[in-house]
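Coordinates in review
Below, each chain spelled out in residue letters.
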Amino acid sequence: MSEDYDLAFPTVDIVPYNSLTRNILLGKKSSQNGWRMIGGFFDVRQDRSFEDAAKRELFEEANIKVDKPQYLFSSIVNDPRYIEKKDKIITSVFIAMYLSGYPIAGDDIAEVNWFHPDKLPEIVDEHKDFVKRIIKYLKQN
């Protein structure tokens, strides 16, 4: 007897952290008013790990290179594109130390900018809790 299971599509989100300025990098899509973590879907043709996917997405969307991404947590994402669907998105969230690159928006990100954790802009609903958890982690470490 075969059962049908709802699918979870794996994604990654990454927050680069600049230890000199204590700022984090966020991105903004042209279709949304709020800011978000940089990320995207895991690509089985290119990525050998979620860490590789996070670094690839960050470079494609923000022109930034980071040190080894550190896994923080995973969670179902309340992505508006999947609210009415039975399948969902699950993300693995990483933080990584900034190494190099000047932030330039690319791929599906329209704008990127560094923000101090105490002075964050409006965050999109689906990332608000995630960003709060990252800020809490940064303040504890």
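Here the residue numbering is sequential within each chain, running from 1 through the sequence in written order. Given that the model is predicted, a residue must reach a pLDDT of at least 70 before its local features are reported, and side-chain atom pairs must reach 80 or more before they are shown or counted; all residues, however, enter totals for whole chains, interfaces and linings. Hydrogens and waters are ignored; side-chain quantities use all the structure's heavy atoms.

A look at the overall build of the chain
As a reminder of what qualifies: Helix numbering and strand numbering both begin at the N terminus, where a helix is a DSSP run of H or I of at least 4 residues and a strand a DSSP run of E of at least 2. Just to be clear, the radius of gyration here is over C-alpha atoms, and the globule rule we use is 2.2 Å times residues to the power 0.38. Each residue is placed in one exposure class: buried if its accessible area under a 1.4 Å probe, protein chains only, is under 20% of its type's maximum, exposed if it is over 50%, and partly exposed if it falls in between. By the convention used here, residues are in contact when the closest approach between their heavy atoms is within 4.5 Å. Computed with a 1.4 Å probe, the accessible areas rest on the Shrake-Rupley method; for each residue, only the protein chains presented here act as cover.
Each helix and strand counted, the chain has two helices and seven strands in total. What you see in the chain, going N to C, is helices and strands ordered as β-β-β-α-β-β-β-β-α. In summary, the chain has a C-alpha radius of gyration of 15 Å against a globular reference of 14 Å for 141 residues, a match within 12%. Dimensions of the chain, computed from the C-alpha atoms along their principal axes, are close to 60 × 30 × 30 Å. Scored against the burial criterion, the 141 residues of the chain give a buried share of 43%. Of the contacts made within the chain by residues no fewer than 6 positions apart, 71% connect residues no fewer than 24 positions apart. Carbon and sulfur atoms form 49% of the exposed surface of the chain, whose accessible area is close to 8600 Å².

What about the pairing of strand β2 (residues 23-28)?
Note the following rule: Note on pairing: DSSP must find at least two bridges between two strands before they are called paired.
Within β2, five of the six residues are buried, leaving the element largely enclosed by the surrounding structure. Following strand β1 (residues 8-18), the chain reverses through four residues before pairing antiparallel with β2; Arg22 in that reversal takes a positive phi of roughly 65°. Of the pairings in the sheet, the one linking β2 to strand β7 (residues 111-115) comprises five bridges and is antiparallel in character. Residue pairing in the sheet places Leu25 in a bridge with Trp114 of β7.

A few points about the pairing of β1
Burial runs high along β1: eight of the 11 residues are buried. One ladder, built from 10 bridges, connects β1 with strand β6 (residues 88-100); its direction is parallel. Bridge pairing in β6 links Phe9 to Ile89. Both β1 and strand β3 (residues 38-41) contribute to a ladder of four bridges, which runs antiparallel. Paired with Thr11 across the bridge in β3 is Phe41. Of the pairings in the sheet, the one linking β1 to β2 comprises two bridges and is antiparallel in character. Residue pairing across strands places Tyr17 opposite Ile24, the latter belonging to β2.

A word on the packing of aromatic side chains
What counts is decided by this rule: Pairing of aromatic side chains here covers Phe, Tyr and the six-membered ring of Trp, requires ring centres within 6.5 Å, and sorts the geometry by plane angle: under 30 degrees stacked, over 60 edge-to-face, intermediate tilted.
Scanning the model with the defined rule gives five aromatic pairs in all. Between Trp35 and Phe115 the ring centres are 4.9 Å apart and the planes differ by 75°, which places this aromatic pair in the edge-to-face class. Taken together, the residues Trp35 in the loop between β2 and β3 and Phe115 in strand β7 connect sequence positions 80 residues apart. With 5.9 Å between their ring centres and 70° between their planes, Tyr71 and Phe94 make a pair best called edge-to-face.

Considering helix α1 (residues 50-62)
What counts, and what does not: To estimate how far a helix should reach, multiply one less than its number of residues by 1.5 Å.
In this model α1 runs 18 Å from its N-terminal to its C-terminal C-alpha over 13 residues, within 8% of the 18 Å that 1.5 Å per residue would give. Of the surrounding elements, those touching the buried residues of α1 are β1, β2, β3, β4 (65-66), β6 and β7. Positive phi shows up at Asn63, right after α1, with a value of about 60°.

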